[in-house]
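# Survey of secondary and tertiary structure
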Amino acid sequence: MKAKDKIMPMKAFISFDKLLKKYDTLIESDDPVLAARAKEVLDAQAPYPFLREGFDDVGLLDEHKDVIKIILRDTFAEVLTENEIKAASLPYFDIVFNTSKRFEKILAEAGPDFNLLIRNQEEGIDYIMACTVILSFYYGFQLDFRRPYFYDIPNANGVMQHYRILYNADFMEILPTDQSPELGQDDLDELLENPKDVELWKKKIPPNSFVSKGFVISNMFDVTAEQSISGIKSELIASDKRGSDSFMDELQETFRSFFRIKDLRVGFSTYNQKADKFERVHGKGINSFILNNVDDTACKRVLCPGSYDKLLNAKSYFTVADVDKYFKISEGKAPYKGLHEQGIKSAIFAPIAREEQLLGILEIVSTKKNALNGVNATKLDDVMPYIVSAVVRSKVEEENLIDAIIQNECTSVHSSVYWRFQEEAKRFIIDKLEGNQPSFEEIVFSDVYPLYGQVDIKQSAQARNEAIQRDLMIQLSNIAQVLQAAFKEEGLPIYEELLYRLNNWTESIKDTLYSSSEQNIFDFIQEEVNPVLEHIKQIDGSLAKRVKAYEKTIDEETQTYYDHRRNYDQSVMEINQRLVNVLDKRQDEAQQMFPHFFERFKTDGIEHNMYIGASIAQHRDYNPLYLNNLKLWELQVMCEMENEYYNLKPELPIHLDVASLILVYSTALSIRFRMDEKHFDVDGTYNARYEIIKKRIDKSYIKGTRERLTQTGKLSIVYSHKKDEQEYLRYISFLKSKGYFTNNIEIVELEGLQGVTGLKAIRAEILYKKGKESEKTYTYEDLMEELKT
């Protein structure tokens, strides 16, 4: 083989001339030892002039290895040959010779089939790198072409070791030939703009246009630990690591290099603090040797007291150098039993913790006794920070993904049931990671008790219609005044015809406003009146001023006269906001007592739904006491919302009234999250009766009368069973002592609703306080009189 067989910008000749010239000088030294050594080297080389002149036949290296060894003896000290990893070489040609004994041993252990190559050498990169050397040393362009080079060489056990190469090129020279090109700054700029265009580099610096003469000394250092740490860091930082087919294989190989153990395996488990249990990390190839093929289990079930204390309390490494020994000592107890069953002989368990919070366990095991132990466990100190960071980031990513799935599949979800959606989202992710077709299953909470209440704005539809009616009549009147003035001035019959239709619209809404009236009048004004007003506005004088004065009364957003409607909308919005503020604040307190599902709706007033039961409370033991407590809480809050409104009423543009109602339904039911509608609904035909009652109850009448159930100043409590009546009378009696109700309590029977009969109601008169600091209480009638003064 010849060095020239590889296409490069330089012809490579192995030569010892630059080194021998050092000895040419040393032979004249006054130091007899140095002079004698120089003479020995020069005499050994003298019969072989080609060693100075240079040669490209690699076979001569082996043929004259003894002479070459004498020449290189000072640069390759014999006393260090067992320790140094060193060789003479031509780097770009993969030629290595005169290796140290340690390097020879490393190559021998790699096996006869191992091919020594520099890591990650892309095709053509050698040519370009050789060109950068020529540009720097011959042309004088200052280029930083230095980069780290590595050999990856397996040891006798097949574990990959990593060696960094440092080159000493003191004995190498670059010489031009008659084919060496003239290059300027423009050529350099073009090359730098195309760093991977091998053909361009060959065009600028043609093959064999230079000569390299000499050799390079390669010094190598074992950087396996550093490279393994870097590899672990890179693999953990890489995105979508759990979904990668090769992630665990690559990570395991890196840990094997790090510990220099061929049969080493790596596993992970996560820690669920709320349940105090270990859980499997779901991902391709990720195992847990603690869990041993189960998805989750209690920590104390798979750990002994000592290992539990070390991992969960002290957050320190737990090592088992001899599993069989401790399996016998413990008489087959955990954690040695599970390890023994898996054929594990030694293990290290490292807690993955951040700020004293345990996140999971790194599990490293081997099938060899003492391979893993308390001494080499300390090596993990260098990599644990990266593992912790990766786990923290992974948790954040998982939480974000769970949130994204929940929001996408279910829209916003109340905090009390969020845990169940998290579980379903996790299962969704696991199915996806395991290659299944994921689907988000419907979520059902069984045996829950419903509570419903509303604070309704009384006669809100009538108030809104009156506001619309007034605004429309004012707008039509203003338009009529403009048209009358225009007809008087111009006398055009079309104005009179338009006035006729305006008067008809005014008459049509004077007594009754129909559902279509507002839109019909709006269309009439937009399509037929406004174009005429635009024409009138073009007439100079008082008519134009009249039109502009009319236009100033029109709201830009609605394009209508919007005064009474604005007052109504603002009043309703302010009422709803103040009631919601009370309800939301008190809800936060109620959730602390016992978690329950809660939702509210703003309409013309506020409605709320609550569901409480064991299936909703994730880590709390349910007791009927909590249902009774929530009922009492609801009564109090309804009274507080009433008080809040009637203290607000004097400040409102329109003085509306409210009436409150609670529906008691003592039968447990199920609620199901409807994926298509993105909300919870009662489940089953029988349970649908509850929804029917809710929708119709506020329109019900007292039996045998035309008197509506709900009244201002009173809280109506609808029920169907005697025990519910007794329960709520008991609560009302207690709340009377607290100043919530008067003694005016009545029980009434309700007219049957469509599909619902047998309903009764308690109507309890509410006591009001004027202002938050006031101790004086009022009935509704007293309060209204007080507010008038």
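The rules we used
- Residues numbered from 1 in each chain as written.
- Predicted model: local features only at pLDDT ≥ 70, side-chain atom pairs only at ≥ 80, totals over all residues.
- Heavy atoms only, no water.
- Pairing = 2+ DSSP bridges.
- Helix = DSSP H or I, 4+ residues; strand = E, 2+ residues; numbered from the N terminus.
- Axes fitted to C-alpha atoms, helices over the stretch in contact; angles between N-to-C directions.
- Core = buried A, V, L, I, M, F, W, Y, C linked by side-chain atoms within 4.5 Å.
- Buried < 20%, exposed > 50% of the residue type's maximum accessible area, 1.4 Å probe, protein only.
- Contact = heavy atoms within 4.5 Å.
- Salt bridge = Lys/Arg side-chain N within 4 Å of Asp/Glu carboxyl O.
- Phe/Tyr/Trp six-rings, centres within 6.5 Å; stacked < 30°, edge-to-face > 60°.
- Expected span 1.5 Å × (residues − 1).
- Parallel < 35°, antiparallel > 145°, perpendicular 65-115°, else oblique.
- Nonpolar A, V, L, I, M, F, W, Y, C, P; charged D, E, K, R; others polar.
- Disulfide = S-S within 2.5 Å.
- Left-handed = near helix turned anticlockwise from the far one by under 90°.

Reading across the sheet, the six strands line up as β11-β10-β9-β14-β13-β12 and stay open at both edges, with antiparallel pairing between neighbours. Edge positions in the open sheet fall to β11 (296–298) and β12 (318–320), since each of these has one partner strand only. When the angles between neighbouring strand axes are averaged without regard to direction, this sheet yields 20 degrees. Here strand β9 (residues 265–272) runs beside strand β10 (residues 277–280); their pairing, made up of four bridges, is antiparallel. When the bridges of β10 are listed, serine 269 appears paired with arginine 280.

Attention now moves to the nonpolar core. If you look at the biggest cluster of nonpolar residues, it comprises 65 residues, and the most contacted ones within it are Phe16, Leu72, Phe97, Leu135, Tyr151 and Phe215. Beyond its immediate sequence surroundings of up to four residues, leucine 72 is in contact with Phe16, Leu19, Ala88, Phe97, Asn98 and Phe215. Judged by nonpolar contacts, the second largest core, of 49 residues, contains Phe598, Leu632, Met641 and Tyr740.

Applying the stated criterion to the full structure yields 46 salt bridges. We note a salt bridge from arginine 565 to glutamate 518, for which the minimum N-O separation is 2.7 Å. One end of the pair, arginine 565, is in helix α22 (residues 564–593); the other, glutamate 518, is in helix α20 (residues 517–537), with 47 residues separating them in the sequence.

Before going further, it helps to spend a moment on the packing of aromatic side chains. Inspection of every chain in the model, using the stated rule, returns 22 aromatic pairs. A ring pair is formed by tyrosine 139 and phenylalanine 210, whose centres lie 6.0 Å apart and whose planes are at 75 degrees; its orientation type is edge-to-face. Remark: phenylalanine 210 occurs in strand β7 (residues 210–214) and tyrosine 139 occurs in the loop between α7 (125–137) and β4 (149–154); sequence separation between them is 71 residues. On the basis of relative accessible area, tyrosine 139 is assigned to the buried category, the value being 18%. Judged by its relative accessible area of 0%, phenylalanine 210 is buried. Aromatic rings pair up to connect Phe16, Phe97, Phe171 and Phe215 into one cluster.

Of all six residues making up β4, five are buried, and the element is well covered by its neighbours. As judged from the six bridges shared by β4 and strand β5 (residues 160–168), these two strands associate in the antiparallel manner. Bridge pairing in β5 places phenylalanine 150 opposite arginine 164. Between the end of β4 and the start of β5, which pair antiparallel, lie five residues, with glycine 158 showing a positive phi angle near 85 degrees.

Attention now goes to α7. For an α-helix, the turn length of 3.6 residues means that residues three or four places apart are oriented alike. With 13 residues, α7 extends 18 Å from end C-alpha to end C-alpha; this agrees with the ideal 18 Å at 1.5 Å per step. For α7, a buried count of twelve out of 13 residues is recorded, marking the element as mostly surrounded by other parts of the structure.

Contact pair helix α18 (residues 460–490) / helix α21 (residues 542–552): the axes reach a minimum separation of 10 Å and the direction vectors enclose 170 degrees. Accordingly, the angle class assigned to the pair α18 and α21 is roughly antiparallel. Within the contact between the two elements, α18 uses Gln475, Asn478, Ile479, Gln481, Val482, Ala485, Ala486 and Glu489 and α21 uses Ser542, Leu543, Arg546, Val547 and Tyr550. Of the residues belonging to the contact of α18 with α21, the class tally is seven nonpolar, four polar and two charged.

Relative to the helices and strands, isoleucine 766 resides in strand β23 (residues 760–766). Classification of isoleucine 766 as buried rests on a relative accessible area of 0%. Put simply, isoleucine 766 and phenylalanine 289 are 477 residues apart on the chain and 65 Å apart in space, counted from C-alpha to C-alpha.

Below, the discussion takes up the state of the cysteines. Under the criterion given, the structure shown has zero disulfides. In this structure cysteine 304 is a free cysteine whose sulfur lies 13 Å from that of cysteine 299, the closest cysteine sulfur available. In this structure cysteine 304 comes out as buried when scored by relative accessible area, which is 17%.

Attention now moves to the pairing of β7. Of all five residues that make up β7, five are buried, and the element is covered over most of its length. Relative to β7, strand β1 (residues 10–14) runs parallel, the two sharing five bridges. Of the residues in β7, the one forming a bridge with isoleucine 14 is glycine 214. Relative to β7, strand β6 (residues 172–176) runs antiparallel, the two being bridged by five bridges. Residue pairing in the sheet places glutamate 173 in a bridge with lysine 213 of β7.

Time to look at the sheet that holds strand β2 (residues 85–90). Reading across from one edge, β3-β2-β8-β5-β4 is the order of the five strands in this open sheet, with antiparallel pairing throughout. Lying at the two open borders of the sheet, with one neighbouring strand each, are β3 (95–97) and β4. Sheet twist, expressed as the mean angle between neighbouring strand axes with direction ignored, is 40 degrees. Here β2 pairs with β3 via three bridges, running antiparallel. Considered in β3, the bridge of serine 89 is made with valine 96.

Moving on: the packing of α22 against helix α23 (residues 624–648). Interhelical geometry of α22 versus α23 gives an angle of 155 degrees and a closest axis separation of 10 Å. Between α22 and α23, the interaxial angle falls into the category roughly antiparallel. The element α22 and its partner α23 pack so that their crossing is right-handed. Residues Glu574, Ile575, Arg578, Leu579, Val582, Leu583, Arg586, Gln587, Ala590 and Met593 of α22 touch α23, and the partners they reach there are Tyr626, Asn629, Leu630, Trp633, Gln636, Val637, Glu640, Met641, Glu644, Tyr645 and Leu648.

A few words on unusual backbone geometry. Cis geometry marks the peptide bond from alanine 334 to proline 335; its omega dihedral reads 0 degrees. By the element assignment, proline 335 lies in the loop between α14 (323–329) and α15 (336–341). The backbone phi angle of arginine 260 is positive, close to 60 degrees, even though this residue is not glycine. Note on placement: arginine 260 falls in the loop between α11 (247–259) and β9. One non-glycine residue, asparagine 370, lies in positive phi territory at about 65 degrees. Mapped onto the elements, asparagine 370 comes out in the loop between β14 (357–366) and α16 (384–410). On the accessibility criterion, asparagine 370 (41% relative accessible area) is partly exposed.

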